[in-house]
Amino acid sequence: MAMAACALNPSFSFLNTEEMNIGIQLYSLRDIINEKPKQVLQKLSNIGFNEIETYGYSEGKFWGLQVSELKEELSGNNLTSPSGHYDGNSIIRGDFDTLKEIISVANQLNQDYIIFPSIDEELRKSKSDYLNIAEKFNYAGEICQEAGIQLAYHNHAFEFEKFDSETGYEILLNHTREDLVTFEMDIYWVVRAGLEPTSFFKKYPGRFKLWHIKDMDKDNPELNTEIGNGSISYDEIFKYKEISGVENYILEQENFEIPNFKSLKQSYKYIRNDLL
């Protein structure tokens, strides 16, 4: 039926944003999640989140929970985890054994995306460094693809330093294969770098399957605020959701001026009711 609709109407999209889930990167609650991960997951579910993005995997555990325990807690709170942040620096250095463990963990959690969230400074000092990173990402992406997972990269602002005529971010976009490597755009950090997120959506359509959504304080750009309260024009950015290729919306807030769960609830409601 969907294929027929697509054939009859070229504007038909499999991406029904009205029904999309809203996730949260648990780094937002890094100050408390290590002490009480079960309570955190329950409160997030009560707010309405139905997806979480993991971070902090170490020595077989997330925040003191074995992978199997975390999976049980997610299920008990009607949560899923489509994506997770994992340290990719050893892989950039050529240690692909680490990737095997990461894939195993991601498969246990039924994650669709393994995301590398940053790059150590000493690994990204030149254009040739970024070309090497792109090569390693492609290779890691092949390994992930064979395991039924897709590799993604999450930006900060340092990727927008220029090397000749290209930024590091453009080098990664231009030299990674679209079928192997997608991107999780952190919209705040793009704006913080003085750039327009939609310009990347237009230039690289379909490459940004995940968005990190956090707003910028109007008075101090180094601070976050609740979605809709800040200086980032999310109403305009969301007009480009289809061309960007986004499939997962993930709230993240790195600092709070009001109680954290109150803030997250406010942002959740704004995304659900005003943006989607």
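Quick summary incoming for the structure in this document. In this text, all values refer to a predicted model and were calculated from it rather than measured experimentally. Per chain, residue numbering runs from 1 following the sequence as it is written. Where totals are concerned, whole chains, interfaces and linings use all residues; where local detail is concerned, this predicted model gives features only for residues with pLDDT of at least 70, and gives and counts side-chain atom pairs only at 80 or more. With hydrogens and water excluded, all non-hydrogen atoms of the structure serve as input to the side-chain values.

## Here we look at the packing of aromatic side chains
For any pair of aromatic rings, the description consists of the separation of the ring centres together with the inter-plane angle of the planes. The line we're drawing: Only Phe, Tyr and Trp rings take part, Trp by its six-membered ring, and two of them pair if their centres are within 6.5 Å. Stacked means planes under 30 degrees apart, edge-to-face means over 60, and tilted covers everything else. The cut-offs for exposure are 20% and 50% of the maximum accessible area for each residue type, with area from a 1.4 Å probe on protein chains only; residues under the lower value are buried, those over the upper are exposed, and the others partly exposed. Strands here are runs of E lasting at least two residues and helices are runs of H or I lasting at least four, both read from the DSSP assignment and numbered beginning at the N terminus. Any Lys NZ or Arg CZ found within 6 Å of a ring centre and within 35 degrees of that ring's normal is scored as a charge over the ring.
Under the criterion given, the structure shown has 23 aromatic pairs. An angle of 65° between the planes, with centres 5.4 Å apart, marks the rings of Phe 201 and Phe 208 as edge-to-face. Residue Phe 201 shares its accessibility class with Phe 208, and that shared class is buried. With 5.1 Å between their ring centres and 90° between their planes, Trp 211 and Phe 238 make a pair best called edge-to-face. Here Phe 238 lies in the loop between helix H11 (234–237) and helix H12 (241–244) and Trp 211 lies in strand E11 (residues 210–213), a separation of 27 residues in the sequence. Note on Trp 211: relative accessible area 0%, which makes it buried. Connected via pairs of aromatic rings, a cluster forms that spans Phe 160, Tyr 169, Phe 183, Phe 200, Phe 201, Phe 208, Trp 211, Tyr 234, Phe 238 and Tyr 249. Residue placement shows Arg 30 over the ring face of Tyr 27; its charged tip is 4.3 Å from the ring centre. Residue placement shows Arg 124 over the ring face of Phe 158; its charged tip is 3.5 Å from the ring centre.

## Let's talk about the sheet that holds strand E14 (residues 248–251)
Selection rule: Two strands make a pair as long as DSSP finds a minimum of two bridges between them. The angle between two axes is taken between their N-to-C directions and runs from 0 to 180 degrees, where each axis is a line fitted to C-alpha atoms and a helix contributes only its stretch in contact.
Taken in spatial order, the 8 strands line up as E1-E2-E5-E6-E7-E10-E11-E14 and close into a barrel, and their pairing is parallel. The sheet shows a mean angle of 30° between the axes of neighbouring strands, taken without regard to direction. For strand E7 (residues 150–154) and strand E10 (residues 181–186), the ladder comprises 4 bridges, and the chain directions are parallel. The residue bridging Ala 152 from the neighbouring strand is Thr 182, located in E10.

## Thoughts on the pairing of strand E2 (residues 51–54)
Burial of E2 is two-sided: the residues Glu 51 and Glu 53 facing one way and the residues Ile 52 and Thr 54 facing the other way are all buried. The sheet contact formed by strand E1 (residues 22–25) and E2 spans 3 bridges and is parallel. By the bridge assignment, Gln 25 is partnered in E2 with Glu 53. As paired elements, E2 and strand E5 (residues 80–85) share 3 bridges and run parallel to each other. Considered in E5, the bridge of Glu 53 is made with Ser 83.

## With respect to the pairing of strand E6 (residues 113–116)
We apply this condition: Looking down the strands as they point away from the viewer, one classifies a crossover as right-handed if the path from the first strand across the helix to the second runs clockwise.
Residues Tyr 113 and Ile 115 line one face of E6 and the alternating positions Ile 114 and Phe 116 line the opposite face, and both faces are buried. Of the strand pairs in this sheet, E5 and E6 are connected by 3 bridges, and their pairing is parallel. Looking at the pairing, His 85 lines up with Ile 115 of E6. Pairing analysis gives 4 bridges linking E6 to E7, with the strands arranged parallel. Within E7, the position partnered with Ile 114 by the bridge is Leu 151. Between the parallel pair E6 and E7, the chain is carried across by helix H7 (residues 127–146), and the sense of this crossover is right-handed.

## Here's the deal with the side chain of Ser 83
For clarity, the cut-off: Identification of polar contacts relies on pairs of N or O atoms within 3.5 Å, with a donor-acceptor requirement for protein atoms, meaning one able to donate a hydrogen and the other able to accept it, and with residues adjacent in sequence counted only if both atoms are side-chain atoms.
Mapped onto the fold, Ser 83 is located in strand E5. One polar contact links Ser 83 to Glu 53, side chain to side chain, over a distance of 2.8 Å.

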